Amino acid sequence: MNGLYTIGLLLAANVFMTLAWYGHLKLQSLHVIGNTTPLILVILMSWGIAFFEYCLQVPANRIGFEENGGPFNLMQLKVIQEVITLLVFIVFSAIAFHMPLRWNHAVACLLLIGAVYFVFGFK
């Protein structure tokens, strides 16, 4: 169960991370904020969103880490997080910015699946 909790928390954390990093760009394209909005305000807004990412990311890593009774070693946790980050970003960019998934993006996803195989397949 710790593995499922870890992955669920990482997924939720990455939704907040993606919104913190790229959400302001969508707000700008919707004219909610403008080019003249002070950068410090955009940074503070992003930090406010990223706070919730950390509230989920840190427990996910603690629960999932093998030295705390979880099923994953440090490298596996990192690769899982990177794969989830890419998947969340693909969905976000498709929905928020109508970006199509192109062949080179699909190849990159396949290479990440290869990374998962190598990090989990050998000890």
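Given the structure is predicted, the values throughout are model-derived calculations rather than measurements.

Draft legend 1. Representation of the overall build of the chain. Counting its secondary structure elements, the chain contains four helices and zero strands. Mapped in sequence order, the helices and strands of the chain form the string α-α-α-α. Looking at the chain as a whole, 30% of its 123 residues are labelled buried. The long-range share in the chain, meaning contacts at least 24 apart out of those at least 6 apart in sequence, stands at 72%. Surface summary for the chain: the accessible area is close to 8200 Å², and the carbon and sulfur share equals 74%.

Draft legend 2. Just helix α3 (residues 74-97), in detail. With 24 residues, α3 should reach 34 Å at 1.5 Å per residue; the first-to-last C-alpha distance of 33 Å fits that figure. Residues of α3 that are buried include every one of Gln76, Leu77, Val79, Ile80, Gln81, Val83, Ile84, Thr85, Val88, Phe92, Ser93 and Ala96, and no others. Between a side-chain oxygen at the N-terminus of α3 and the backbone nitrogen of methionine 75 the separation is 3.0 Å; the capping residue is asparagine 73. A positive phi of about 55° marks histidine 98, the residue just after α3.

Draft legend 3. The arrangement of the environment of lysine 78 in detail. Tracing the backbone shows lysine 78 in helix α3. Owing to a relative accessible area of 44%, lysine 78 belongs among the partly exposed residues under this scheme. Through-space distance from the C-alpha of lysine 78 to that of valine 15 is 16 Å; in sequence the pair is 63 residues apart.

Cut-offs used in this document
- Residues numbered from 1 in each chain as written.
- Predicted model: local features only at pLDDT ≥ 70, side-chain atom pairs only at ≥ 80, totals over all residues.
- Heavy atoms only, no water.
- Helix = DSSP H or I, 4+ residues; strand = E, 2+ residues; numbered from the N terminus.
- Buried < 20%, exposed > 50% of the residue type's maximum accessible area, 1.4 Å probe, protein only.
- Contact = heavy atoms within 4.5 Å.
- Areas by Shrake-Rupley, 256 points an atom, 1.4 Å probe, with all protein chains shown as cover.
- Expected span 1.5 Å × (residues − 1).
- Polar contact = N/O pair within 3.5 Å; in protein donor to acceptor, adjacent residues only side chain to side chain.

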